[in-house]
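The chain contents come next:
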Amino acid sequence: GIGKCVALELARRNARTILACRSQERGQAAVEEIRAATGNPAVLLRLLDTSSLASVRAFAQAVLREEKRLDVLVNNAGLTGLPFAITPEGLERTFATNYLGPFLLTNLLLG
C-alpha cells in the first residue's frame, strides 16, 4: 500500500526508516523486502496499533528514548468498512484508528 511505498522511497534515499506495524509477521516481511530492494540496513520494525492509545503511548516513548531525532512522520494507518466495534479503552475502533491514535502520536512526538 501507500505506507510501504513511502517507506521504500525513504529507504532508497538512505533514511533511517521505522515501519510502525500492527503485525510482527507482515511488518518483518516488509522490512526485509525494503532492505533487499534498497540495500539500506537502517529499516526497522516497531509494533504499533493506532486503535490503542496505550500502544500509541508506548510507541512514542520508545521512539523518543531510542532515536536522536525524528525528521518526518507519515501517518498512514487507516481502516474502513469494518463492523462497529469498541476498543478496550471504550473508543469506537474506526475513529480511534483513523483519527485519535495518529493525533495523539503526532502530539507525543512533537516535543
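Residues numbered from 1 in each chain as written. Predicted model: local features only at pLDDT ≥ 70, side-chain atom pairs only at ≥ 80, totals over all residues. Heavy atoms only, no water.

Going by the annotation in an unreviewed UniProt entry, the name recorded for the chain is RDH12 dehydrogenase, with Psophia crepitans given as the source organism. What UniProt records for the chain under Sequence similarities (unreviewed entry) is the sentence "Belongs to the short-chain dehydrogenases/reductases (SDR) family." (UniProt positions renumbered as here; feature names shortened; annotations may be inferred.)

Attention now moves to the packing of aromatic side chains. Scanning the model with the defined rule gives 1 aromatic pair in all. Ring centres 5.7 Å apart and planes at 40 degrees place the aromatic pair Phe95 and Tyr99 in the tilted group. Of this pair, Phe95 and Tyr99 both sit in helix 4 (residues 93-110), 4 residues apart, which is roughly one turn of the helix. (Phe/Tyr/Trp six-rings, centres within 6.5 Å; stacked < 30°, edge-to-face > 60°. Helix = DSSP H or I, 4+ residues; strand = E, 2+ residues; numbered from the N terminus.)

We now examine the packing of helix 3 (residues 53-66) against helix 4. Where helix 3 contacts helix 4, the axes come no closer than 9 Å and their chain directions differ by 25 degrees. Accordingly, the angle class assigned to the pair helix 3 and helix 4 is roughly parallel. As helix 3 packs across helix 4, the resulting crossing turns out to be right-handed. Packed against helix 3, whose contacting residues are Leu53, Val56, Arg57, Phe59, Ala60, Val63 and Leu64, the element helix 4 presents Leu100, Gly101, Leu104, Leu105, Leu108 and Leu109 at the interface. In terms of residue class, the contact of helix 3 with helix 4 is made up of 11 nonpolar, 1 polar and 1 charged. (Axes fitted to C-alpha atoms, helices over the stretch in contact; angles between N-to-C directions. Parallel < 35°, antiparallel > 145°, perpendicular 65-115°, else oblique. Left-handed = near helix turned anticlockwise from the far one by under 90°. Contact = heavy atoms within 4.5 Å. Nonpolar A, V, L, I, M, F, W, Y, C, P; charged D, E, K, R; others polar.)

Once that is clear, we can look at the environment of Gly27. Tracing the sequence through the fold places Gly27 in helix 2 (residues 24-38). Given a relative accessible area of 2%, Gly27 falls into the buried group. Distance from Gly27 to Gly78, taken between C-alpha atoms, is 16 Å for residues 51 residues apart in sequence. If sequence neighbours within four positions are ignored, Gly27 has contacts with Leu19, Cys21 and Leu45. (Buried < 20%, exposed > 50% of the residue type's maximum accessible area, 1.4 Å probe, protein only.)

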